[in-house]
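# Examination of the molecular architecture
So you can see what is in the structure, the chains are spelled out below.
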Amino acid sequence: MPRLTPEQREKAVGRLSAGDDPEAVAVAFNVHLSTLYRLQQRFVNTGSTADTQRSGRPRVTTQRQDRQILRHHLRNRFHTANETASNTVGNHQRLISGQTIRRRLAERDLQNCRPARGPVLT
């Protein structure tokens, strides 16, 4: 079954609040009856039909470490992401990958230096 768009969720809750038969609303939006009941319960609890925030995967770095990565990059612009990662320790002494460094810099609209490829020019 397809997911309901935010507009469809609002319409479905509005029809249920207006007193329409839940089974008729479920058929009209092509969803299961339990989906409508969960949607209505979410609206009663939160006052919104939007998806609730999920926890997701915990970040490897804290905000302080993100600022340190940013400062390190601004001071040493020609370090690669892997060099910066090897100099930075994440939460609970976990290693940080170069991709994490690239993501943190991209959040601030910055790019890291890429290592040179090809023959060494002298």
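Attention here is on the structure that accompanies the text. (Residues numbered from 1 in each chain as written. Predicted model: local features only at pLDDT ≥ 70, side-chain atom pairs only at ≥ 80, totals over all residues. Heavy atoms only, no water.)

Nonpolar side chains in soluble globular proteins tend to be buried together. Leu-4, Ala-12, Val-13, Leu-16, Val-25, Ala-26, Phe-29, Val-31, Leu-36 and Leu-39 together form the largest nonpolar core, which totals 10 residues. Elements that contribute at least two residues to this core include exactly α1 (6–18), α2 (22–29) and α3 (33–46). Listed in part, the 7 residues of the second largest apolar core include Ile-69, Ile-96, Ile-101 and Leu-105. (Core = buried A, V, L, I, M, F, W, Y, C linked by side-chain atoms within 4.5 Å. Buried < 20%, exposed > 50% of the residue type's maximum accessible area, 1.4 Å probe, protein only. Helix = DSSP H or I, 4+ residues; strand = E, 2+ residues; numbered from the N terminus.)

Contact pair α2 / α3: the axes reach a minimum separation of 9 Å and the direction vectors enclose 105 degrees. If you check the angle between α2 and α3, you find them roughly perpendicular. Mapping the contact onto sequence places Pro-22, Glu-23, Val-25 and Ala-26 in α2 and Leu-33, Leu-36 and Tyr-37 in α3. A class-by-class count of the residues in the contact of α2 with α3 yields 6 nonpolar, no polar and 1 charged. (Axes fitted to C-alpha atoms, helices over the stretch in contact; angles between N-to-C directions. Parallel < 35°, antiparallel > 145°, perpendicular 65-115°, else oblique. Contact = heavy atoms within 4.5 Å. Nonpolar A, V, L, I, M, F, W, Y, C, P; charged D, E, K, R; others polar.)

A separate point is the packing of helix α4 (residues 63–75) against helix α6 (residues 98–107). Running from N to C, α4 and α6 cross one another at 85 degrees; their axes reach a closest spacing of 10 Å. The angle between α4 and α6 falls in the class roughly perpendicular. Of α6, the residues touching α4 (which contributes Asp-66, Ile-69, Leu-70 and His-73) are Ile-101, Arg-104 and Leu-105.

The next thing to look at is unusual backbone geometry. Excluding glycine, residues mostly have negative phi values, and the peptide bonds linking residues are mostly trans. Here the phi dihedral of Asn-30 falls at roughly 60 degrees; this positive angle occurs in a residue that is not glycine. With respect to the helices, strands and loops of the structure, Asn-30 is situated in the loop between α2 and α3. Overall, the relative accessible area of 45% leaves Asn-30 in the partly exposed class. The phi angle at Asp-109 is positive, at roughly 60 degrees, despite the residue not being glycine. Tracing the backbone through its elements, the reader meets Asp-109 in the segment after α6.

Attention now moves to the pattern of salt bridges. The full count for this structure, using the stated rule, is 8 salt bridges. Measuring nitrogen to oxygen at the nearest pair gives 3.2 Å for the salt bridge that ties Asp-51 to Arg-9. Of this pair, Asp-51 sits in the loop between α3 and α4 while Arg-9 sits in helix α1, placing them 42 residues apart in sequence. By relative accessible area, Asp-51 is classed as partly exposed at 37%. Taken together, the salt bridges that share partners define one network made up of Arg-3, Arg-9, Arg-42 and Asp-51. (Salt bridge = Lys/Arg side-chain N within 4 Å of Asp/Glu carboxyl O.)

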